[in-house]
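As a plain string of letters, each chain reads:
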Amino acid sequence: RAVAMSVSHSSRLNKLVREQYMRLPQDGLVQVTYVWIDGSGEGVRCKSRTLDKEPKSIEDVPEWNFDGSSTAQAEGSNSDMFLVPVRMFRDPFCLDPNKLVLCEVLKYNRKPAETNLRHMCKKVMDLVKDSHPWFGMEQEYTLLGINGHPYGWPDNGFPGPQGPYYCGVGADKVYGRDIVESHYKACLYAGVKICGTNAEVMPSQWEFQVGPCEGIEMGDHLWMARFILHRVCEDFGVVATLDPKPMTGNWNGAGCHTNYSTEEMRREGGLKHIEAAIEKLSKRHDYHICVYDPRGGRDNSRRLTGHHETSNIFEFSAGVANRGASIRIPRQVGQDGYGYFEDRRPAANCDPYAVTEAIMRTTVLNETGVETKDYADH
C-alpha cells in the first residue's frame, strides 16, 4: 500500500493500450521532440512537432519557438524564445524514425538566454580544441515517491545505516532497479554515451556515468541523459531528484564527479601535466565552487562538509585514491604516470556546460582569480 501511494496516477494508466497506438505506421512522417533547459537552469522542457521526412543531420531540423513567460525565461509582453537545434538523438520512447533534439535557447534579440550556458561553453571549447579535452561525468541522483520521500524507504522511519547499499543486490538493499536499467537501455538506443551505472551509498540513490566525451559533447550528452531519466521516471510514476543533499543527517549527498584529461595528460609522462593542472585549480577554488552548482555554492555547502566522502567546501585538497579530497588522482594513474584526474566538487545539479568550461578556463586558458574573460570576439 505504501509503495502504491508513492507513485503518480498517470503511471497506472494501461501501458498495453498505449502500445497499441505506438505500433501504428507513420507513413513517412517523423515526430521530433525538442528539448531545452528552462529558466531554473536545472529543469528540462520539451514539445514535439511533425516533420515530413526523417532528418539525417541536425541541419535538417528547423528552428522553432516557445513561450518563455511560462518557463521563467521571458516576460509575457515579449515571450517568444528561439529553439536552436544543436544535437540530435534517436527517440527511445516513440522509436525510429522519431528523434529527440537538444536545443539552445535564444532570446528575442538572438542573444543566449540567461540559463543557456552552452553558448559560451562552445566558444571556450572551440578555443581549446587542440588540447582535445576528454570528460566523463558521474551523475548521482535519488529516487523519490511523488510525496517527496525516498522511494522504498519506510513511511515512518529510516532504513538501516549505510553500508550494504553501495553496488548492492537484493530486495532489501536496492530500490528501483527497473528504472535504472530502463534508463540505461533508453540511453544506449538514443545514442547517448552512457558508459555505466551502479547503486550508490544511500538507499534509493543511484549513479550513471556518461563519457568519454570531447569538448561540448559532454554537456550535450549529459543533459540528454538527464531528460531521458526524468522521462523514464515519469513512466514509472516516481521522481528523480538531483538535489545535492536530499536527506539531512548521516546520509551521503549526491555529486557529479567530473573526470578530465587533455591529450598531453593521456600520453607517457602525462602525470606532470596532471599535477600542473591541479596546481592551477588549487589557486582558483572559490571560482570553481561558485559555478559547480546553480546557486553559487549554496547547494554544495549542504554537501561538501568534509564527511560522507566529500572534501570541505572551504578547503582545496588533492590526493591519490583519496575520495575525501577535492581532486582525486586514481591509483592506476599514479602508478602508470599518465591518464586523468577526478574533480569531486561539482554538485549533482550542476550544469555540465559550466563545469567543463570552468575547468578549461583554468587549466588550459590559464585564467586566474574569480573574474572570467569574455572570448566572444575571439
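Cut-offs and rules
- Residues numbered from 1 in each chain as written.
- Predicted model: local features only at pLDDT ≥ 70, side-chain atom pairs only at ≥ 80, totals over all residues.
- Heavy atoms only, no water.
- Helix = DSSP H or I, 4+ residues; strand = E, 2+ residues; numbered from the N terminus.
- Polar contact = N/O pair within 3.5 Å; in protein donor to acceptor, adjacent residues only side chain to side chain.
- Contact = heavy atoms within 4.5 Å.
- Expected span 1.5 Å × (residues − 1).
- Buried < 20%, exposed > 50% of the residue type's maximum accessible area, 1.4 Å probe, protein only.
- Arc of directions from axis to C-beta.
- Phe/Tyr/Trp six-rings, centres within 6.5 Å; stacked < 30°, edge-to-face > 60°.
- Lys NZ or Arg CZ within 6 Å of the ring centre and 35° of its normal.
- Core = buried A, V, L, I, M, F, W, Y, C linked by side-chain atoms within 4.5 Å.
- Domains from an automatic or database assignment.
- Buried area = accessible area lost by both parts, 1.4 Å probe.
- Salt bridge = Lys/Arg side-chain N within 4 Å of Asp/Glu carboxyl O.

### A look at the side chain of Q209
Now for step 1: As for its placement among the helices and strands, Q209 is situated in strand β8 (residues 205-214).
Now for step 2: A distance of 2.6 Å separates polar atoms of two side chains, one belonging to Q209 and the other to E207.
Now for step 3: When near neighbours in sequence (up to four residues on either side) are disregarded, Q209 contacts M137, E138, K193, I194, C195, G196, T197 and N198.

### Observations regarding helix α7 (residues 271-282)
Now for step 1: Over its 12 residues, α7 extends 16 Å from the first C-alpha to the last, a length consistent with the 16 Å expected when each residue adds 1.5 Å.
Now for step 2: Restricting attention to buried positions, one finds in α7 the residues L271, I274, A277, I278 and L281. Burial along α7 is one-sided: seen end-on, the buried residues are contained in an arc of 120°.

### A word on the packing of aromatic side chains
Now for step 1: For the coordinates displayed, the defined rule picks out eight aromatic pairs.
Now for step 2: Their ring planes at 20° and their centres at 5.4 Å tell us that F135 and Y260 sit as a pair that is stacked. Remark: Y260 occurs in strand β10 (residues 256-261) and F135 occurs in strand β6 (residues 134-144); sequence separation between them is 125 residues. Comparing F135 with Y260 shows no difference in burial state: the two are buried.
Now for step 3: Each ring, one from W153 and one from F158, has its centre 6.1 Å from the other, and the planes form 70°; the classification is edge-to-face.
Now for step 4: A connected cluster of aromatic rings, assembled from ring pairs, spans F135, Y260 and F341.
Now for step 5: Positioned above the aromatic ring of Y189, the side-chain terminus of R90 is 3.9 Å from the ring centre.
Now for step 6: One residue, R110, lies across the ring of F82, its end atom 4.6 Å from the ring centre.

### What to know about the nonpolar core
Now for step 1: The biggest cluster of nonpolar side chains holds 72 residues, and the ones touching the most others in it are Y141, L143, M224, I228 and F341.
Now for step 2: It is helix α5 (residues 217-236) that provides the largest number of residues to this core, a total of 10 residues.
Now for step 3: Each of domain 1 (9-115) and domain 2 (125-364) gives at least three residues to this core.
Now for step 4: Contacts of Y141, omitting those with residues within four sequence positions, involve V180, S204, Q205, W206, E207, F208, L229, A240, T241 and L242.
Now for step 5: By size, the runner-up hydrophobic cluster in this structure holds 15 residues, among which are W36, L51, C103 and V105.

### Looking at the domain arrangement of the protein chain
Now for step 1: Looking at the protein chain, the domain boundaries give domain 1 (9-115) and domain 2 (125-364).
Now for step 2: The centre of domain 1, based on its C-alpha atoms, is set 26 Å off from the matching centre of domain 2.
Now for step 3: The partner domain 2 presents 25 residues to the 21 residues of domain 1 that form the contact.
Now for step 4: Carbon and sulfur atoms supply 66% of the area that domain 1 and domain 2 bury against each other, a total of about 2,100 Å² over both sides.
Now for step 5: Here D220 makes a salt bridge to R87, at a shortest N to O gap of 2.7 Å.
Now for step 6: If you look at where domain 1 meets domain 2, you find six residue pairs in polar contact (both at pLDDT 80 or more).

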